[in-house]
Amino acid sequence: MSLASTLVPVLSPAGPAAQAIAEVSWVLITGATLLFVGTMALLAWALFRKRRGGEVRSLWWLAGGGLVLPLVVLTALFFYSLHRAPPWKAVPPADALVVSVTGRMWWWEIRYRDPVSGATIATANELRMPVGRPVYLGLSSAEVIHSLWIPELGGKMDMVPGRVNHLLLQASRAGVYRGQCAEFCGEAHARMALHAVAMEAGEFDAWLAGQARPAVVSSSSAVSLQAGRAVFEGQKCAVCHMVRGVAEGSKLGPDLTHVGSRLFIASGTLKNGPLEMKQWLARVHEVKPGARMPSFARLSQGEMDALVQWLGALK
Ligand code: CUA
């Protein structure tokens, strides 16, 4: 990630939709700078002339600079930005990958369709996408208005309960692009992030096939993993979290079937690793004030270790 993309991700586009926005932004920044410098130069010139006892024909300047110039500039910008805006598409392009994203308080439910079985594959907070292929997002919300914004890939789109908005994104190079909820939606709004992960087509297909499978815990230390699963069951985590093949049904919280394969946890708040997972589980509301999950500080060291090891093995 370059310095520019960290500071101003909008100006380091990684796809055609973001490219158009960056281009319009540069035109606006350059134009505004030229106009500002020009106006200041004229002001200096007028003051200088006045001081020397000369005359400034202010009415002429007012009409030209205050009326004619803005009219010309704004009209030109209007047509230019219309021309550069990405075309609105009511139906997905034929080669597009269709993904549904639902805003929740305060995380993102992401659903793919299994190209083999047609079944729905649910994941959370991580939008994996193949490089070079359009991704047609169906955006909605479960309760309040959220807004999806991944600045390096495209513009914002509101997620409104009861309707489906669409956004067409495409990544032109592999990478991890941070997105953020862009509509104030309550206490944890600022911690409602997600990551778009653009990967080569083959890699993406393999990833999707893996996500389609129920939870597989294949490890040499299967005995200690059993202990982790027992903690998950004993603490009733399945009241909110689904782990396909282990605990089916609940869709209140993020699907954890393959949580070990994700790059981040807690909606982009922490990197995914055993230490961070422990921090999260033990002090949920310090990490993410407002989060609707209880803390599990009551777990013993051994229980916590086992639970974290099991979650990490859900790849
Ligand atoms: Cu969701 Cu702000």
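The rules behind the values
- Residues numbered from 1 in each chain as written.
- Predicted model: local features only at pLDDT ≥ 70, side-chain atom pairs only at ≥ 80, totals over all residues.
- Heavy atoms only, no water.
- Helix = DSSP H or I, 4+ residues; strand = E, 2+ residues; numbered from the N terminus.
- Buried < 20%, exposed > 50% of the residue type's maximum accessible area, 1.4 Å probe, protein only.
- Polar contact = N/O pair within 3.5 Å; in protein donor to acceptor, adjacent residues only side chain to side chain.
- Contact = heavy atoms within 4.5 Å.
- 1 Å grid on protein atoms, 1.4 Å probe; cavity = no way out; pocket = protein on both sides within 12 Å on 5 of 7 lines; lining within 4 Å.
- Points joined across faces, edges and corners; volume = space filled by probe spheres on them.
- Nonpolar A, V, L, I, M, F, W, Y, C, P; charged D, E, K, R; others polar.
- Domains from an automatic or database assignment.
- Pairing = 2+ DSSP bridges.
- Patch = residues over 30% accessible without salt bridge, like charges linked within 9 Å, V, L, I, M, F, W, Y side chains within 5 Å.
- Areas by Shrake-Rupley, 256 points an atom, 1.4 Å probe, with all protein chains shown as cover.
- Salt bridge = Lys/Arg side-chain N within 4 Å of Asp/Glu carboxyl O.
- Phe/Tyr/Trp six-rings, centres within 6.5 Å; stacked < 30°, edge-to-face > 60°.
- Lys NZ or Arg CZ within 6 Å of the ring centre and 35° of its normal.
- Core = buried A, V, L, I, M, F, W, Y, C linked by side-chain atoms within 4.5 Å.
- Disulfide = S-S within 2.5 Å.
- Buried area = accessible area lost by both parts, 1.4 Å probe.
- Axes fitted to C-alpha atoms, helices over the stretch in contact; angles between N-to-C directions.
- Parallel < 35°, antiparallel > 145°, perpendicular 65-115°, else oblique.

1. Structural notes on the side chain of Thr 257
Considering the arrangement of structural elements, one finds Thr 257 in the loop between α5 (222–234) and β11 (264–265). Its relative accessible area of 1% is what places Thr 257 among the buried residues. Of note is the side chain of Thr 257, whose polar atom sits 2.9 Å from the backbone nitrogen of Arg 244. Those residues in contact with Thr 257, other than ones at most four positions away along the chain, are Arg 213, Pro 214, Ala 215, Met 242, Val 243, Arg 244 and Leu 314.

2. Quick notes on the layout of surface pockets
Computed from the structure, the largest pocket encloses a volume of approximately 750 Å³. Along its surface, the largest pocket is lined by 37 residues, and His 241, Gly 253, Pro 254, Trp 280 and Met 293 are the ones closest to its centre. Counting only elements with at least two residues in the lining of the largest pocket, the list comes to β11, α6 (274–282) and α8 (301–313). Split into classes, the residues belonging to the lining of the largest pocket amount to 26 nonpolar, five polar and six charged. Residues lining the lining of the largest pocket come from more than one domain, with at least three contributed by each of domain 2 (97–211) and domain 3 (219–312).

3. Side note on the pairing of strand β3 (residues 120–124)
Counting buried positions over the five residues of β3 gives four, a clear majority of the element. The pairing of strand β2 (residues 107–113) with β3 spans five bridges and is antiparallel. Across the sheet, residue Tyr 112 finds its bridge partner in β3, namely Ile 121. Between β2 and β3, which follow one another and run antiparallel, lie six residues, and Gly 118 among them has a positive phi close to 80°.

4. Details of a nonpolar patch on the surface
On the surface, Phe 36, Val 37, Met 40, Leu 43 and Leu 47 cluster together to form a nonpolar patch covering roughly 510 Å² of accessible area. Assignment of secondary structure puts Val 37 in helix α2 (residues 16–51).

5. Re the environment of Tyr 112
Within the secondary structure, Tyr 112 sits in strand β2. The sequence separation of Tyr 112 and Leu 97 amounts to 15 residues, and the corresponding C-alpha distance is 8.7 Å. Leaving out residues up to four positions away in the same chain, Tyr 112 has contacts with Leu 97, Val 99, Ala 119, Thr 120, Ile 121, Thr 123, Glu 126, Leu 127, Arg 128, Phe 204, Trp 207 and Leu 208. Of the polar contacts made by the side chain of Tyr 112, one reaches the backbone oxygen of Arg 128; its length is 2.7 Å.

6. Looking at the packing of aromatic side chains
Across all of its chains, the model carries seven aromatic pairs by this definition. Seen in terms of ring centroids, Phe 78 and Phe 79 are 5.1 Å apart; in terms of plane orientation they differ by 75°. Their pairing is edge-to-face. Following the ring pairs from residue to residue traces out a cluster consisting of Trp 45, Trp 60 and Trp 61. In this structure, Lys 156 is placed above the aromatic ring of Trp 149, and the distance from its NZ or CZ to the ring centre is 4.6 Å.

7. Observations regarding the nonpolar core
Ranked by internal contacts, the top residues of the largest apolar core, which has 36 residues, are Tyr 112 and Leu 137. Counting only elements with at least two residues in this core, the list comes to β1 (97–104), β2, β4 (126–130), β5 (135–141), β8 (165–169), β9 (175–181), β10 (193–199) and α4 (201–212). Residue contributions to this core peak at five residues, all from β10. Core analysis: the next-biggest nonpolar cluster, separate from the first, contains 28 residues, Ala 215, Met 277, Leu 311 and Ala 313 among them.

8. As for the state of the cysteines
Under the defined criterion, the tally for this structure stands at zero disulfides. Cys 240 provides the cysteine sulfur closest to Cys 237, a residue in no disulfide bond, and the two sulfurs are 8.8 Å apart. Taking relative accessible area as the criterion, Cys 237 reaches 14% and is therefore assigned buried. Overall, the relative accessible area of 28% leaves Cys 240 in the partly exposed class.

9. A few points about the domain arrangement of the protein chain
Per the domain assignment, the segments making up the protein chain are domain 1 (3–84), domain 2 (97–211) and domain 3 (219–312). With centres defined by C-alpha atoms, the gap from domain 2 to domain 3 works out at 22 Å. Opposite the 21 residues of domain 2 that make contact, domain 3 presents 20 residues. Of the roughly 1800 Å² buried where domain 2 meets domain 3, counting both sides, 48% is carbon and sulfur surface.

10. Digging into the packing of α2 against helix α3 (residues 58–84)
At a minimum axis distance of 11 Å, the contact between α2 and α3 shows a crossing angle of 170°. Considered as vectors, α2 and α3 are oriented roughly antiparallel to each other. Across from Ala 20, Glu 23, Val 24, Val 27, Leu 28, Leu 35, Leu 42 and Trp 45 in α2, the residues of α3 making contact are Trp 61, Leu 69, Leu 77, Tyr 80 and Arg 84. When the residues that make up the contact of α2 with α3 are grouped by side-chain class, the tally is 11 nonpolar, no polar and two charged.

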